[in-house]
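The residues making up each chain are set out below.
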Amino acid sequence: MENRYSKILVAVDGSRQAEWAFKYAVSIAKRNENAYLYIASVIDATIATSGLSDPYIFNSFYKKTKALVESYVEVAKKEGLNHVHGIVEQGIPKIVLSEDIVDEKDIDLVVCGSSGLTGFKRMLMGSVSEGIVRYAKCDVIIIKQKSIPEDFEPKIALQFQKED
């Protein structure tokens, strides 16, 4: 039995896992005709207390994040999807992705990469994907490193990283 999804949210952050999650979400949206695909990136609110609180630095980071999301939107449309929307927000990523956007857009599936954080860093920050699994009121697919083909080369994220 295959689930039907009408509103899919994919979280992107410029990582290899996030780009594979994007490809996975696009394939699910294609199988579910007329599905809406929301591509989101959340700028962590903790940067407001860091060096990025400088308006120039923050605006530069915001523009790059928006450009990344818009690149994904463009690719999804080229793949034949008609209902594609980009979202860039600031906040606590696991809350914004699992609750705010899910509730606001009535999302029925979230797709994201696992964080890859380990040890002390994970204890301090927590895993975004873990938070999404815990708090989202819909199905969640987490892309793990082992599920990505070895020969997969991210193109969108790589382009974004080269702009730095």
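Conventions we followed
- Residues numbered from 1 in each chain as written.
- Predicted model: local features only at pLDDT ≥ 70, side-chain atom pairs only at ≥ 80, totals over all residues.
- Heavy atoms only, no water.
- Pairing = 2+ DSSP bridges.
- Helix = DSSP H or I, 4+ residues; strand = E, 2+ residues; numbered from the N terminus.
- Axes fitted to C-alpha atoms, helices over the stretch in contact; angles between N-to-C directions.
- Polar contact = N/O pair within 3.5 Å; in protein donor to acceptor, adjacent residues only side chain to side chain.
- Salt bridge = Lys/Arg side-chain N within 4 Å of Asp/Glu carboxyl O.
- Buried < 20%, exposed > 50% of the residue type's maximum accessible area, 1.4 Å probe, protein only.

Peer 1: I'd like to hear about the sheet that holds strand 1 (residues 7-11), residue by residue, with values.
Peer 2: The strand order across the open sheet built from five strands is 3-2-1-4-5, with neighbouring strands paired in parallel fashion. Unpaired on one side and paired on the other, strand 3 (83-91) and strand 5 (139-143) mark the two borders of the sheet. Between one strand axis and the next, the sheet turns through 20 degrees on average, direction left out of account. Of the strand pairs in this sheet, strand 1 and strand 2 (residues 36-44) are connected by five bridges, and their pairing is parallel. Looking across to strand 2, one finds that Lys7 is bridged to Tyr36.

Peer 1: Summarise the side chain of Ser114; cite the residues concerned and give the values.
Peer 2: Note that Ser114 resides in the loop between strand 4 (109-113) and helix 4 (119-125). A polar side-chain atom of Ser114 sits 3.3 Å from a polar atom in the side chain of Gln17.

Peer 1: Let's hear about the pattern of salt bridges: which residues, and what values?
Peer 2: Summed over the entire model, instances satisfying the criterion amount to six salt bridges. The partner of Lys105 in a salt bridge is Glu104, with the nearest N and O atoms 3.4 Å apart. Residue classification places Lys105 among the partly exposed residues on the basis of a relative accessible area of 25%. For Glu104, a relative accessible area of 55% corresponds to the exposed category. Residue Glu130 is joined to Arg134 by a salt bridge in which the shortest nitrogen-to-oxygen separation is 3.9 Å. In this pair, Glu130 and Arg134 are both assigned in helix 5 (residues 128-135), four residues apart and thus about one turn of the helix distant. Judged by its relative accessible area of 33%, Glu130 falls in the partly exposed class. The class of Arg134 is exposed, set by a relative accessible area of 56%.

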